[in-house]
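Overview (structure and organization)
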Amino acid sequence: MRVTLITNSIPPYRESLYAYLNDRMSGGLRVVTTLPDTPAPRRYEVVSCRLCTTIPRWRHHPLGYRDQARTPIPLTLARDIGECDVIVVHGLGLSAMAAALHARRLGIPISLG
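The sections below set out a description of the structure shown in this document. (Residues numbered from 1 in each chain as written. Predicted model: local features only at pLDDT ≥ 70, side-chain atom pairs only at ≥ 80, totals over all residues. Heavy atoms only, no water.)

Counting twelve residues, the largest nonpolar core consists of Ile6, Val32, Val47, Leu77, Ile81, Cys84, Ile87, Val89, Ala96, Ala99, Ala103 and Ile108. When residues of this core are assigned to their parent elements, the largest contribution, three residues, is made by helix H3 (residues 94-106). Excluding residues that lie within four positions of it along the chain, Cys84 makes contacts with Arg2, Thr4 and Ile108. By size, the runner-up hydrophobic cluster in this structure holds ten residues, among which are Leu5, Tyr18, Leu29 and Val86. (Core = buried A, V, L, I, M, F, W, Y, C linked by side-chain atoms within 4.5 Å. Buried < 20%, exposed > 50% of the residue type's maximum accessible area, 1.4 Å probe, protein only. Helix = DSSP H or I, 4+ residues; strand = E, 2+ residues; numbered from the N terminus. Contact = heavy atoms within 4.5 Å.)

Printed below as a string of structure tokens:
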């Protein structure tokens, strides 16, 4: 089974989980990141979205300060997903919407989380 996981970036605490999942699946794991990823040796395939833009926005925190966040808009996500049997999306943003439309068009299952 080939699984494609879509996320904004790969946090260090998930590296071992993704490697474990890759080892347990016969088809392997492909991770598509919507934000630029630092190249590092990994046991699973990592693909950065080829054409992705971001919209800056300000977040207001309960403690009273503001910081700037980036909302990614993946323009080539359908091409970057590639061939897979299941799509797993981490987060509920524009990437999830684009992945859900792609999965529906191809008739493959999607998991949002």
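Within this structure, the stated rule accounts for one aromatic pair. Look at Tyr18 and Tyr44: their rings are 5.8 Å apart centre to centre, the planes differ by 90°, and that puts the pair in the edge-to-face class. Of this pair, Tyr18 sits in helix H1 (residues 15-24) while Tyr44 sits in the loop between strand S2 (29-33) and strand S3 (45-48), and the two are 26 residues apart along the sequence. Across the pair, exposure class does not vary: Tyr18 and Tyr44 are buried alike. Directly above the ring of Trp58 sits Arg66, whose terminal nitrogen or CZ lies 4.8 Å from the centroid. (Phe/Tyr/Trp six-rings, centres within 6.5 Å; stacked < 30°, edge-to-face > 60°. Lys NZ or Arg CZ within 6 Å of the ring centre and 35° of its normal.)

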